[in-house]
Amino acid sequence: MKRFTTLLLALLIVLTAMALPALAEERPTLTMILPNDNSVPETNEVLTELSNRIGADITISLVTTEDYDARLNTLIASNTLPDIYAVNDTAILLDLRDAGMLLDMTPYLDEYGPDIVEYLGDRIEMPVVNEGGIYGLVSEAGMYPANLAVRLDWLEAVGMEMPTDLDSFYDVLYAFTYNDPDGNGVKDTYGIAPSMSATFFQHIMAAFDIPFAYDGTVQLEDGTVTTVMKHPRFLEAIEYLRKLYQDGLMDPDFATITQMQSFERLWNGQVGVMDFQSVGITNNWYPGRYTFEVPEDPGEIFGFTSLDGKGSRKLYADYTTADIVINAECEHPELAVALVNYMYYTEEGQNLTYLGIEGVHYEWIDQEAGTYQRLGIYTDDVVHRAAGAYVYNIFGGFTTENAETRLMNQTTRDAQAAEWEIVTDWPFISQVLEADTEYGTTLEGIVEECFAQLIVTTGDVEAEYQAFVERWETEGGLEFEAEATAAYLEEQGE
């Protein structure tokens, strides 16, 4: 019995000694929730690989975009917030900061977030939450300015050159409408088929020096920041659009068709010009969406231009929210910062969380050209996503050049690069305006209604325009104007 007890004790000592290294090697944990409409297994290959590279057990919960804000409010109320999350509501974001619930990342950035620091530079301070510290990060991905695309085969068919000003643009639209550019002997084409559900008129308006959006602003000569509707050349631009409409060069249903219906007219070969992102026209839609035969190279059928050298409205990130914040109670803040840095600001991390594991899920055909192929069972989109690809980094990263843009074809990349060189700037304001919160939706609706009505009206354009301006002013516009002007001048001074 004594010998048995001695052996048992010896065995326990050995087992304990064996267990100590395992306990010592237990990894820290990080939790994260993201708005995303995909659904993937909680444990998957990409997440496992990401955990191994960071040196922590990472749990990422995906919540549908529609339900995300409600879920976040529940987590706040129950004090069960994860380590890393996004905040879409400015008031909630500032309340969290003021309550001491957000981590100030400043002490950790140089060592654990060097790519964040290098990429953002002084812009790291622009989010409204980053007053007195770095509490949130805002993605700059997915900011694709509109391009003015023109069917090159149609230009050849009607014997014309690429339009570069308003007069030549009118002539091309006329030929695309009346000179049978598709060669089928039937009048079934239009120059353009815009929709009021998006700002499809940006390049035309830019030619009149107007950075156009229904909720957009301009700065007048006296310094006032106000609606685009008050731009001194607004009616001049409207008259040009009225001529396009009256001469039948524009789809007569432009005021009622949806954005998707506008796209379908391009895909079906009914229109020769589209004022929209090249990312859609020559990349994401190409070639699968087009119902007519298209060449392998989108640059053979679509070209891009501008009118009088003026580009579409410049895009800015939304600095009133935060795509990433870190819980002040996070037990491993240094690892949380390192994870965000790796996932969103390094090429390696972006590729992992966008494409998956190289050599397992995909392999490069020509990495510099952005061409690759998926491997084995991962050619199936459902299987690929179940493995964790395309779900944790849906825009390819937080940088303007990212995993998504690196995969775009050369035609698309060149068009985007060229457009950024000529974008039309406007008085951007990074802070939240009370008047915009209270009246913004109403004011935007007035501008949109004005725009559509003035193009088609058979009445007194000047009188109808003045009525819209007066309505805008009386329904909160003057309050917005005063607050926007003061805020813009303040930010420019800073």
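Just so you know, these numbers come straight off a predicted model, no measurement behind them.

Cut-offs used in this document
Residues numbered from 1 in each chain as written. Predicted model: local features only at pLDDT ≥ 70, side-chain atom pairs only at ≥ 80, totals over all residues. Heavy atoms only, no water. Helix = DSSP H or I, 4+ residues; strand = E, 2+ residues; numbered from the N terminus. Areas by Shrake-Rupley, 256 points an atom, 1.4 Å probe, with all protein chains shown as cover. Lys, Arg positive; Asp, Glu negative; His and termini not counted. Charge placed at Lys NZ, Arg CZ, Asp CG, Glu CD. Pairing = 2+ DSSP bridges. Axes fitted to C-alpha atoms, helices over the stretch in contact; angles between N-to-C directions. Salt bridge = Lys/Arg side-chain N within 4 Å of Asp/Glu carboxyl O. Buried < 20%, exposed > 50% of the residue type's maximum accessible area, 1.4 Å probe, protein only. Parallel < 35°, antiparallel > 145°, perpendicular 65-115°, else oblique. Left-handed = near helix turned anticlockwise from the far one by under 90°. Contact = heavy atoms within 4.5 Å. pLDDT = per-residue confidence, 0-100. Nonpolar A, V, L, I, M, F, W, Y, C, P; charged D, E, K, R; others polar. Polar contact = N/O pair within 3.5 Å; in protein donor to acceptor, adjacent residues only side chain to side chain. Core = buried A, V, L, I, M, F, W, Y, C linked by side-chain atoms within 4.5 Å.

## Looking at the overall build of the protein
Part 1 of the argument: For the protein, the helix and strand inventory stands at 19 helices and 13 strands.
Part 2 of the argument: Expressed along its principal axes, the backbone C-alpha trace of the protein runs to roughly 110 × 55 × 35 Å.
Part 3 of the argument: Surface accessibility of the protein: about 23,200 Å² in total, with carbon and sulfur atoms responsible for 50%.
Part 4 of the argument: Here the protein carries 23 positive and 85 negative side-chain charges, and the mean point of each set is 6 Å from the other.

## Some points on the sheet that holds strand 5 (residues 147-151)
Part 1 of the argument: One open sheet holds the four strands; their spatial order is 6-9-5-10, and the pairing between them is mixed. A single partner strand is all that each edge strand has here, and the edge strands are strand 6 (190-192) and strand 10 (302-305). On average, each strand axis in the sheet is tilted by 20° relative to the strand beside it, whichever way the strands run.
Part 2 of the argument: As paired elements, strand 5 and strand 10 share four bridges and run antiparallel to each other. Residue pairing across strands places R151 opposite F302, the latter belonging to strand 10.

## Describing the pattern of salt bridges
Any two side chains of opposite charge can pair, on the condition that their charged atoms come close.
Part 1 of the argument: In the structure shown here, the tally under the stated rule is 18 salt bridges.
Part 2 of the argument: Residue K310 pairs with D209 through a salt bridge whose shortest N-O separation is 2.6 Å. Highlighted residues: K310 in the loop between strand 10 and strand 11 (322-326) and D209 in the loop between helix 9 (202-206) and strand 7 (217-219), separated in sequence by 101 residues.
Part 3 of the argument: The salt bridge partner of K230 is E481, with a shortest N-O separation of 2.9 Å. On the criterion of sequence distance, the pair formed by K230 in the loop between strand 8 (225-227) and helix 10 (234-246) and E481 in helix 19 (residues 461-493) is long-range, its members being 251 residues apart. E481 matches K230 in its accessibility class, with the two residues each being buried.
Part 4 of the argument: What you see here is one network of salt bridges that share partners, running through D209, R233, E236 and K310.

## Considerations on the packing of helix 8 (residues 166-178) against helix 10
Part 1 of the argument: Where helix 8 meets helix 10, the closest approach of the two axes is 11 Å, and the angle between their N-to-C directions is 15°. On the basis of their axis angle, the class for helix 8 and helix 10 is roughly parallel. The handedness of the crossing between helix 8 and helix 10 is right-handed. From helix 8, L166, F169, Y170 and L173 reach across to helix 10, where they touch Y240, K243 and L244.

## With respect to the confidence of the model for the protein
Part 1 of the argument: On average, residues of the protein score 94 in pLDDT, and 95% of them reach the 70 mark or higher.
Part 2 of the argument: When the criterion is pLDDT under 50, residues 1-24 qualifies, and its contacts beyond four places in sequence or with other chains add up to zero contacts.

## Details of the packing of helix 10 against helix 18 (residues 434-456)
Part 1 of the argument: Here helix 10 crosses helix 18 at 50°, and the two axes come no closer than 8 Å. Our classification of the angle between helix 10 and helix 18 gives oblique. The element helix 10 and its partner helix 18 pack so that their crossing is right-handed. Taken together, the residues of helix 18 that come into contact with helix 10 (itself represented by F234, L235, I238, L241, R242 and Y245) are C450, F451, L454, I455 and V456.
Part 2 of the argument: In terms of residue class, the contact of helix 10 with helix 18 is built from 10 nonpolar, no polar and one charged.

## A word on the side chain of S430
Part 1 of the argument: Residue placement: S430 occurs in the loop between helix 17 (410-420) and helix 18.
Part 2 of the argument: Since its relative accessible area comes to 11%, S430 is described here as buried.
Part 3 of the argument: The contact partners of S430, leaving out residues within four places of it in the chain, are M126, V128, Y319, T320 and E491.

## Some remarks on the environment of D188
Part 1 of the argument: Along the chain, D188 falls in the loop between helix 8 and strand 6.
Part 2 of the argument: With 11 residues separating them along the chain, D188 and T177 place their C-alpha atoms 7.9 Å apart.
Part 3 of the argument: There is a polar contact of 2.6 Å between the side chain of D188 and the side chain of N184.

## Quick notes on the nonpolar core
Part 1 of the argument: Within the largest apolar cluster, 59 residues are counted, with the highest numbers of intra-cluster contacts made by M205, M229, F234, L241, L244 and F451.
Part 2 of the argument: Those elements that place two or more of their residues in this core are strand 5, helix 7 (152-158), helix 8, helix 9, helix 10, helix 18 and helix 19.
Part 3 of the argument: In terms of residue count, helix 18 provides more of this core than any other element does, 10 residues in total.
Part 4 of the argument: Ignoring anything within four residues of it in the chain, the contact list for F451 reads M196, F201, M205, F212, Y214, F234, I238 and L241.
Part 5 of the argument: The next biggest cluster of nonpolar side chains, apart from the first, holds 37 residues, and it includes V40, L103, L339 and Y345.

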